[in-house]
Amino acid sequence: GELIYCAEDEYIPYVKEGQEWVMIGRAGYQQYRIGGVANIDGIDYNEIYHTQSYTTVSEPELFDYVREIDRKVYIGLEGKDRLVYDFGAQAGDTIRYDHLDESLTYYTVVNSVENKYIAGKNRTILDVTHHISYGTTLPSQWIEGIGAHEDIFKNEHSYRLGASSTPDQFYYFYNSAEDIR
């Protein structure tokens, strides 16, 4: 059938307890799962847990903290909010990251915004280009409620985007917290 996008479609949050991402490779897998709420210096974050399986399955370990406000996703590294995604950005917007090493130039330009039916829902897709020091650019897509395929949380080394995107591994998005219809 024909897909019709309705402008009133409800925003799909990135931060939701129970949401999981799994990276599968030849030697094993890594799993990230959003857990419960933790209050850090008066700010509510959700915990992110990491599990991996290569030769043995590890116990879930606290990986980081994440929160979402007004379609912006922040990681709570070292007691500071660090912008990861801005799912409310529009074509032509430039997103600057002030939390990275000052010797680096790092920003993202939103090239276009469209809507597609992905993982059972209409989602906003932002086609972006990351601009990194020394003239390096990396294309990416940010998918509402899922993130970027090449680096799920874009941690403090986010200027190294693409480091985990190789032909022998891929990400599988799973959200057990969401009703799938």
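Draft legend 1. Looking closely at the overall build of the chain. Broken down by element type, the chain carries zero helices and 12 strands. Across the 181 residues of the chain, 41% fall into the buried class. Within the chain, contacts between residues separated by at least 24 positions form 40% of all contacts whose residues are at least 6 apart in sequence. For the chain, the accessible surface area stands at approximately 10,300 Å², while carbon and sulfur atoms represent 47% of it.

Draft legend 2. Spotlight on the sheet that holds strand S11 (residues 147–148). Reading across the sheet, the five strands line up as S7-S8-S9-S10-S11 and stay open at both edges, with antiparallel pairing between neighbours. Edge positions in the sheet fall to strand S7 (94–96) and S11, since each has one partner strand and no second. Of the strand pairs in this sheet, strand S9 (residues 121–132) and strand S10 (residues 136–143) are connected by eight bridges, and their pairing is antiparallel. Considered in S10, the bridge of Leu126 is made with Trp142.

Draft legend 3. A look at the nonpolar core. In terms of nonpolar packing, the biggest core is built from 28 residues, with Val73, Tyr85, Phe87 and Trp142 touching the most fellow members. Listing elements by their share of this core, those giving two or more residues are strand S2 (29–40), strand S5 (72–77), strand S6 (80–86), strand S8 (106–118), S9 and S10. In terms of residues, this core owes the most to one element, S9, which gives four residues.

Draft legend 4. Geometry of the pattern of salt bridges. Tallied over the entire structure, the rule returns three salt bridges. Of the charged contacts, one joins Arg67 and Asp81 as a salt bridge, the two residues approaching to 2.4 Å between their closest N and O atoms. Taken together, the residues span a long stretch of sequence, with Arg67 in strand S4 (residues 61–69) and Asp81 in strand S6 at a distance of 14 residues. What makes Arg67 buried here is its relative accessible area of 17%. The partner of Lys116 in a salt bridge is Glu114, with the nearest N and O atoms 3.8 Å apart. With a relative accessible area of 35%, Lys116 lands in the partly exposed category.

Draft legend 5. Representation of the packing of aromatic side chains within the structure. One pass over the structure, following the stated rule, counts eight aromatic pairs. Aromatic pair Tyr14 and Tyr85: ring centres 5.2 Å apart, planes at 55 degrees, arrangement tilted. Of this pair, Tyr14 sits in the segment before strand S1 (19–24) while Tyr85 sits in strand S6, placing them 71 residues apart in sequence. Ring geometry for Tyr85 and Phe87: centres 5.1 Å apart, planes at 25 degrees, overall stacked. The exposure class of Tyr85 is buried, given its relative accessible area of 0%. These aromatic residues form a ring-pair network of at least three members: Tyr14, Trp21, Tyr85, Phe87 and Trp142. Sitting over the face of the ring of Tyr107, Arg96 holds its NZ or CZ atom 5.0 Å from the ring centroid.

Draft legend 6. Geometry of the environment of Tyr117. By the secondary structure assignment, Tyr117 is in strand S8. Separated by 3.4 Å, the side chain of Tyr117 and the backbone oxygen of Gly120 make a polar contact.

Draft legend 7. Examining the side chain of Asn46 more closely. For Asn46, the location among the structural elements is in strand S3 (residues 43–53). Within the structure, the side chain of Asn46 is placed 2.8 Å from the backbone oxygen of Gly35, a separation counted as a polar contact. Not counting residues within four places of it along the chain, the set of residues in contact with Asn46 comprises Val15, Glu17, Ile34, Gly35, Gly36, Val37, Asp64, Tyr65 and Val66.

Draft legend 8. Seen up close, the side chain of Gln19. With respect to the helices, strands and loops of the structure, Gln19 is situated in strand S1. The exposure class of Gln19 is buried, given its relative accessible area of 0%. Of the polar contacts made by the side chain of Gln19, one reaches the backbone oxygen of Tyr14; its length is 2.6 Å.

Cut-off values and rules
- All residue numbers refer to position in the chain's written sequence, counted from 1.
- At least 70 in pLDDT is required for a residue's local features to be given in this predicted model, at least 80 for side-chain atom pairs to be given and counted, and no such filter applies to totals for whole chains, interfaces and linings, which use all residues.
- Hydrogens and water molecules were not included; the side-chain quantities draw on all heavy atoms of the structure.
- Helix and strand definitions follow DSSP, with helices as H or I runs of at least four residues and strands as E runs of at least two, each counted in order from the N terminus.
- Type-normalised accessible area, obtained with a 1.4 Å probe on protein chains alone, sets the label of each residue: buried when under 20%, exposed when over 50%, and partly exposed for intermediate values.
- In what follows, a contact means two residues having at least one pair of non-hydrogen atoms within 4.5 Å.
- Each accessible area is a Shrake-Rupley result for a 1.4 Å probe, and residues are judged covered by the shown protein chains and nothing else.
- Being paired, for any two strands, means DSSP has found at least two bridges between them.
- Among the buried residues, those of types Ala, Val, Leu, Ile, Met, Phe, Trp, Tyr and Cys that are joined through side-chain atoms within 4.5 Å form a nonpolar core.
- Salt bridges are defined by distance alone: a side-chain nitrogen of Lys or Arg within 4 Å of a carboxyl oxygen of Asp or Glu.
- Aromatic rings from Phe, Tyr and Trp, taking only the six-membered ring of Trp, are treated as a pair when their centres fall within 6.5 Å; an angle between ring planes under 30 degrees marks them as stacked, one over 60 as edge-to-face, and anything in between as tilted.
- The rule is short: NZ of Lys or CZ of Arg within 6 Å of the ring centre and within 35 degrees of the ring normal puts a charge over the ring.
- Each polar contact in these results corresponds to two N or O atoms within 3.5 Å; when the atoms are within protein, one needs to be able to donate a hydrogen and the other to accept it, and residues that are neighboring in sequence are counted only if both atoms are side-chain atoms.

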